[in-house]
Protein chains: 2
Amino acid sequence: MTPPFRSAQLPPPAPVPERAQGLPMADGGVATERADAARNRMRLLEAAARLVAEHGAEHVTMEAVACAASVGKGTVFRRFGDRVGLMYALLDHSERAFQQAFLSGPPPLGPGAPPVERLEAFGVAAIRHTLAYMDVLLETDQDANRRYSHPARLVRGTHIAVLLREAGVTGDLALLTENLLGCFEPPLVNHLRTVRGMPVERLEAGWRDLVDRTVRRGPSGCCP
Amino acid sequence: MTPPFRSAQLPPPAPVPERAQGLPMADGGVATERADAARNRMRLLEAAARLVAEHGAEHVTMEAVACAASVGKGTVFRRFGDRVGLMYALLDHSERAFQQAFLSGPPPLGPGAPPVERLEAFGVAAIRHTLAYMDVLLETDQDANRRYSHPARLVRGTHIAVLLREAGVTGDLALLTENLLGCFEPPLVNHLRTVRGMPVERLEAGWRDLVDRTVRRGPSGCCP
DNA sequence: GATATTAACGGACCGCGGTCCGTTTATTGG
DNA sequence: CCAATAAACGGACCGCGGTCCGTTAATATC
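Residues numbered from 1 in each chain as written. Chains lettered and ligands numbered in written order. Predicted model: local features only at pLDDT ≥ 70, side-chain atom pairs only at ≥ 80, totals over all residues. Heavy atoms only, no water.

Colleague: Tell me what's going on with the protein's contact with DNA strand C, and back it up with residues and numbers.
Modeller: Residues in contact with DNA strand C amount to 21 residues; listed here are only the nearest, Arg-34, Asn-40, Arg-78 and Arg-79 of chain A together with Lys-73 of chain B. Atoms of DNA strand C within 4 Å of the protein belong to the sugar or the phosphate in 61% of instances, the rest to bases. Arg-78 of chain A is positioned such that a nitrogen or oxygen atom in its side chain is 3.0 Å from a phosphate oxygen of DNA strand C. The separation between a phosphate oxygen of DNA strand C and a polar main-chain atom of Ala-35 of chain B is 3.3 Å. Elements that contribute at least two residues to the surface near DNA strand C include exactly helix H1 (35-55) and helix H3 (73-80) of chain A together with helix H1 (35-55) and helix H3 (73-80) of chain B. Residue contributions to the surface near DNA strand C peak at five residues, all from H3 of chain A. For the surface near DNA strand C, the class distribution of residues is six nonpolar, five polar and ten charged. (Near = heavy atom within 4 Å. Polar contact = N/O pair within 3.5 Å; in protein donor to acceptor, adjacent residues only side chain to side chain. Helix = DSSP H or I, 4+ residues; strand = E, 2+ residues; numbered from the N terminus. Nonpolar A, V, L, I, M, F, W, Y, C, P; charged D, E, K, R; others polar.)

As structure tokens, this is what we get:
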């Protein structure tokens with residue numbers, strides 16, 4: 001009688017775009033959002049961003065966002081699915097910018113530098129990104145399931161895995177990657193900074209050290 | 001006008017014991033719970049455990065617990081503070097047992113084995129513990145702040161740090177410890193098992209590998 | 001431009017976590 | 001045993017996330 005599992009997700013009702021989707025159609029066009037829908041999405045994102053800036057993400061209610069955007073509450077949920085979805089939407093721009101920086105920007109973050117250097121630069125950038133958007137990120141952390149399946153996390157994970165491989169790391173790359181990703185968990189970073197009082201430089205140095213330990217030759221003997 | 005921070009905690013109203021406290025008093029006695037309070041705590045814990053077993057932690061409401069224990073809703077909150085507090089209380093016994101096992105049980109988990117072996121055994125035990133209590137642990141994960149400051153996590157962290165030191169690891173032990181602790185995050189373990197389909201053995205092997213990489217000689221050159 | 005279709009809208013509604021405060025009851029001191 | 005005190009009780013109450021469904025209006029077709 002115990003219900004399936006936490007990871008059993010809401011099935012296929014699947015409205016909830018969270019972002020204007022361009023689904024290809026039979027005739028070669030794209031199924032675009034209706035004009036009013038698109039306008040409301042913009043209004044909602046702007047209102048949400050304003051309220052977050054004013055009161056902190058933690059104190060922004062869905063109803064307040066709806067009201068500030070002069071829109072019904074139902075509309076907010078239809079556009080963004082739930083509170084966490086709205087928060088993710090708020091992060092979308094900066095996350096894309098970050099992705100572009102490490103996928104195709106200038107070295108050492110982007111291609112062109114040796115993999116270990118890129119990895120170190122990546123972590124430093126990720127930590128800074130986390131700090132910059134901390135309060136919204138902490139809100140997205142509410143839904144543990146989505147956190148680990150979110151596209152942004154997958155992209156980061158793939159990037160790390162590729163760099164590890166390029167660096168000649170052997171072993172369970174998937175797990176090593178997850179371990180490295182753990183360094184950017186917003187609540188962890190927040191805790192280390194706020195409660196334990198660690199300066200950013202220390203976190204960055206810790207990341208570099210960790211990368212070195214991970215990369216420095218595989219599980220078997222040290223220095224063949 | 002932005003409110004202080006997320007980590008700013010509820011000040012000192014400080015009822016919320018979460019566990020029968022034995023505070024020392026002037027006369028040498030202990031300030032114990034009133035009889036009815038203690039009885040209600042037991043009833044609530046039993047009721048909660050039953051409901052969790054029956055319906056899964058995720059579907060247990062505070063009102064249902066109160067009702068099943070024939071107690072008012074207010075009483076549940078006075079005893080355990082909030083939902084997460086109740087969940088932590090449910091985990092208390094097993095967590096203490098685990099602590100005893102690695103602090104004073106037989107080797108290789110307890111004292112007597114070399115530190116690296118203990119560390120590896122610790123991780124394996126922690127992963128199993130996490131899997132065994134997964135659904136309740138996932139509920140405790142709601143409150144990100146408390147997660148990182150919870151006594152149980154501190155104990156685990158101290159244990160890891162001590163073993164790392166004994167193993168002769170140099171570097172930022174605090175950060176290395178946090179990184180290793182990340183391997184036991186319930187939502188991560190759940191994701192790797194449920195979504196990514198990794199068997200327990202793989203997680204355990206991954207832990208051992210990670211310990212090896214962490215321990216194998218510090219940040220500077222490889223094999224002096 | 002009129003009509004049909006279908007997506008989008010919005011606010012009433014629900015459930016649950018958490019609080020408040022008037023009432024009850026265990027305890028202690030005489 | 002009785003009174004006084006303070007702790008514990010319990011349920012009405014509140015706010016917010018999320019859902020539902022009758023209404024509205026954008027688009028497509030003619």
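Colleague: Account for helix H10 (residues 186-195) of chain A, with residues named and values stated.
Modeller: Here H10 of chain A lies mainly inside the structure; seven of its ten residues are buried. Of all the positions in H10 of chain A, only Pro-186, Pro-187, Leu-188, Val-189, Asn-190, His-191 and Leu-192 of chain A are classed as buried. Residues of H10 of chain A that are buried sit in contact with helix H5 (115-132), helix H6 (134-140) and helix H11 (200-215) of chain A together with helix H7 (144-149) and helix H9 (173-181) of chain B. Looking at the residues trailing H10 of chain A, positive phi occurs at Gly-197 of chain A, about 65°. (Buried < 20%, exposed > 50% of the residue type's maximum accessible area, 1.4 Å probe, protein only. Contact = heavy atoms within 4.5 Å.)

Colleague: With reference to specific residues and values, describe the packing of aromatic side chains.
Modeller: A full pass over the atoms with the stated rule returns ten aromatic pairs over all chains. Summarising the aromatic geometry, the rings of Phe-102 of chain A and Phe-122 of chain A are spaced 5.0 Å apart at their centres and angled 85° between planes, so their arrangement reads as edge-to-face. With Phe-102 of chain A in helix H4 (residues 83-104) and Phe-122 of chain A in helix H5, this residue pair connects regions lying 20 residues apart in the sequence. For the pair Phe-102 of chain A and Phe-122 of chain A, one class covers both residues: buried. Each ring, one from Phe-98 of chain B and one from Phe-122 of chain B, has its centre 5.6 Å from the other, and the planes form 20°; the classification is stacked. (Phe/Tyr/Trp six-rings, centres within 6.5 Å; stacked < 30°, edge-to-face > 60°.)

Colleague: So, the protein's contact with DNA strand D: which residues are in play, and what are the values?
Modeller: The immediate surroundings of DNA strand D are formed by 21 residues, with Lys-73 and Arg-83 of chain A together with Arg-34, Asn-40 and Arg-79 of chain B found nearest. Atoms of DNA strand D within 4 Å of the protein belong to the sugar or the phosphate in 63% of instances, the rest to bases. Elements supplying a minimum of two residues to the surface near DNA strand D: H1 and H3 of chain A together with H1 and H3 of chain B. In terms of residue count, H3 of chain B provides more of the surface near DNA strand D than any other element does, five residues in total. Of the residues in the surface near DNA strand D, the class split is six nonpolar, five polar and ten charged.

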